[in-house]
Amino acid sequence: MMGEREEDNDTEEAWLQLRPMEPLPSQCCGSGCSPCVFDLYHRHLARWEAARASKDRSLLRWPESQSCPSKLNPETFVAFCISAMDRLTKDTYRVRFAVPGNSQLGLQPGQHLILRGIVDDLEIQRAYTPISPANAEGYFEVLIKCYEMGLMSQYVESWRAGDTAFWRGPFGDFFYKPNQYGELLMLAAGTGLAPMVPILQSITDNEDDETFVTLVGCFKTFESIYLKTFLQEQACFWNVRTFFVLSQESSSEQLPWSYQEKTRFGRLGQDLIKELVSCCRRKPFALVCGSAEFSKDIARCLLCAGLTEDSYFLF
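To keep things clear, this report deals only with the structure shown in the data block. (Residues numbered from 1 in each chain as written. Predicted model: local features only at pLDDT ≥ 70, side-chain atom pairs only at ≥ 80, totals over all residues. Heavy atoms only, no water.)

Points about helix H9 (residues 292–304)
Taking 1.5 Å per residue, 13 residues should reach 18 Å; H9 reaches 19 Å between its end C-alpha atoms and fits that length. Listing the buried residues of H9 in full gives Phe294, Ser295, Ile298, Ala299, Cys301 and Leu302. With its buried residues spanning 165° around the axis, H9 presents them on a single face. Of the exposed residues in H9, the ones pointing more than 90 degrees away from its buried face are Ala292, Glu293 and Lys296. On its buried side, H9 packs onto strand S7 (183–189), strand S8 (212–219), helix H8 (270–278), strand S11 (284–289) and strand S12 (312–314). (Helix = DSSP H or I, 4+ residues; strand = E, 2+ residues; numbered from the N terminus. Expected span 1.5 Å × (residues − 1). Buried < 20%, exposed > 50% of the residue type's maximum accessible area, 1.4 Å probe, protein only. Arc of directions from axis to C-beta. Contact = heavy atoms within 4.5 Å.)

Here you go:
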């Protein structure tokens, strides 16, 4: 009977049942992560093909991880419990996740994570950058904007404190080093502010880092500006300036006096970027984050303003 059972396990149909399933397009976040969900699929597929060719199922077993099961991993999703969920605007949330053992998450400032969600039996994945300090102990926070027809938005809006969400990472090719640049020119649209926050905080938390920072946040209205208190506090540091560009307002009369002189109206375009670059106190390195269209337009403007392609980074 054992021989028959082993023979059954080696049939073509039995092996096909073990074949890894190719990911759906919705399972790729489109952020260029390495490894991407498709990289992992091809890695598993190669292992399956080798096992089938040699009829050795032991080759399908991956080495057991020696890390803590709560440790962040770029290849497998790890569960984190939601400890708090705050609505910042009508469509944007700041969500706090608990990190077991009061430990640090293990990200560099500006790196991002991949969130997995399931809606109507469809698995989806999206990239989000924590806004909490890189050295935060026992927690991390993300800024998530929800869209009316967004699948991930439906998943996020179903969350409550105590729920569990699954993340993998970290990912990202920008690694900030103290005093690496004379000045950072941060150009962010909407939730593109997220990667700027931990980088900025790492600078102001380090008394030996004398990097100048000019942060420009682009939003629709004054009410839609995220993290106002944090940005106001950061602007009090000697080496930090903040500016805002509001696309759906046209007058400073309704703004608090502390915002009136540092707010422009319309869109961030060629002329304003030239002005920003020229008023930097040292040669700037630009960080850009927003929609794909925003990043493309700003990159073009930066080149026209005299920066070279190695003088800016697009998140």
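What follows continues from the structure just given.
Here's the deal with the sheet that holds strand S6 (residues 164–171)
Judged by pairing direction, the sheet is antiparallel, and its six strands sit side by side in the order S4-S3-S6-S1-S2-S5 without closing on themselves. Pairing within the sheet leaves two strands with one partner each, and these edge strands are strand S4 (122–128) and strand S5 (139–145). Each strand of the sheet is rotated relative to its neighbour by a mean of 40°, with strand direction disregarded. As defined by bridge partners, strand S1 (residues 78–89) adjoins S6 across four bridges and the pair is classed as antiparallel. By the bridge assignment, Ala79 is partnered in S6 with Phe166. (Pairing = 2+ DSSP bridges. Axes fitted to C-alpha atoms, helices over the stretch in contact; angles between N-to-C directions.)

Focus: the packing of H8 against H9
Two measures define how a pair of helices packs: the angle their axes make with one another and the distance between the axes. Interhelical geometry of H8 versus H9 gives an angle of 55° and a closest axis separation of 9 Å. Considering the angle they form, H8 stands oblique to H9. Every pair of crossing elements has a handedness; the one defined by H8 and H9 is right-handed. From H8, Gln270, Ile273, Lys274 and Val277 reach across to H9, where they touch Ile298, Arg300, Cys301, Leu302 and Cys304. Residue classes in the contact of H8 with H9 are distributed as six nonpolar, one polar and two charged. (Parallel < 35°, antiparallel > 145°, perpendicular 65-115°, else oblique. Left-handed = near helix turned anticlockwise from the far one by under 90°. Nonpolar A, V, L, I, M, F, W, Y, C, P; charged D, E, K, R; others polar.)

Concerning the pairing of S7
Burial analysis of S7 places six of its seven residues in the buried class, the great majority of the element. Inspection of the sheet shows S7 paired to S8 by seven bridges, in the parallel sense. By the bridge assignment for S8, Glu183 is matched with Phe212. In this fold, S7 hands off to helix H5 (residues 196–204), which returns the chain to S8; that crossover is right-handed. With six bridges joining them, S7 and S11 adopt parallel strand pairing. Bridged to Leu187 within S11 is Val288. (Right-handed = clockwise from strand over helix to strand, strands pointing away.)

Some points on the nonpolar core
Within the largest apolar cluster, 32 residues are counted, with the highest numbers of intra-cluster contacts made by Leu184, Met186, Leu193, Ile199 and Leu287. If you list the elements that add at least two residues to this core, you get S7, H5, S8, helix H6 (228–234), strand S9 (240–246) and S11. Per-element tally for this core: the top contributor is H5, with five residues. Beyond its immediate chain neighbours, meaning those up to four positions away, Leu193 contacts Ala188, Leu215, Phe219, Tyr226, Leu227 and Leu231. (Core = buried A, V, L, I, M, F, W, Y, C linked by side-chain atoms within 4.5 Å.)

Brief notes about the packing of aromatic side chains
For the coordinates displayed, the defined rule picks out 17 aromatic pairs. Judged by centre distance (5.7 Å) and plane angle (90°), the ring pair of Phe97 and Trp159 falls under edge-to-face. Here the residue Phe97 occupies a position in strand S2 (residues 92–98), and Trp159 occupies one in the loop between helix H4 (151–157) and S6, the gap between them amounting to 62 residues. The residues Phe97 and Trp159 share a single accessibility class, namely buried. Seen from their ring centres, Phe174 and Phe315 are 5.9 Å apart, and the 75° between their planes marks the pair as edge-to-face. Here Phe174, found in the loop between S6 and S7, pairs with Phe315, found in the segment after S12; they are 141 residues apart in sequence, far enough to count as distant. Taken together through their ring pairs, the aromatic side chains of Phe80, Phe97, Tyr128, Phe140, Tyr155, Trp159 and Trp167 make up a single cluster. Its end group placed over the ring of Phe166, Arg116 keeps NZ or CZ at 4.9 Å from the ring centre. The residue whose ring lies beneath Lys228 is Phe222, and the NZ or CZ to ring-centre distance is 4.8 Å. (Phe/Tyr/Trp six-rings, centres within 6.5 Å; stacked < 30°, edge-to-face > 60°. Lys NZ or Arg CZ within 6 Å of the ring centre and 35° of its normal.)

Some points on the sheet that holds S11
On the basis of which strands lie adjacent, the open sheet formed by six strands has the order S10-S9-S8-S7-S11-S12 and parallel pairing. Pairing within the sheet leaves two strands with one partner each, and these edge strands are strand S10 (263–265) and S12. Going across the sheet, the axis of each strand differs from the next one's by a mean of 15°, ignoring polarity. Contacting S7, S8, S9 and S11, H5 crosses the sheet at an angle of about 150° to S7.

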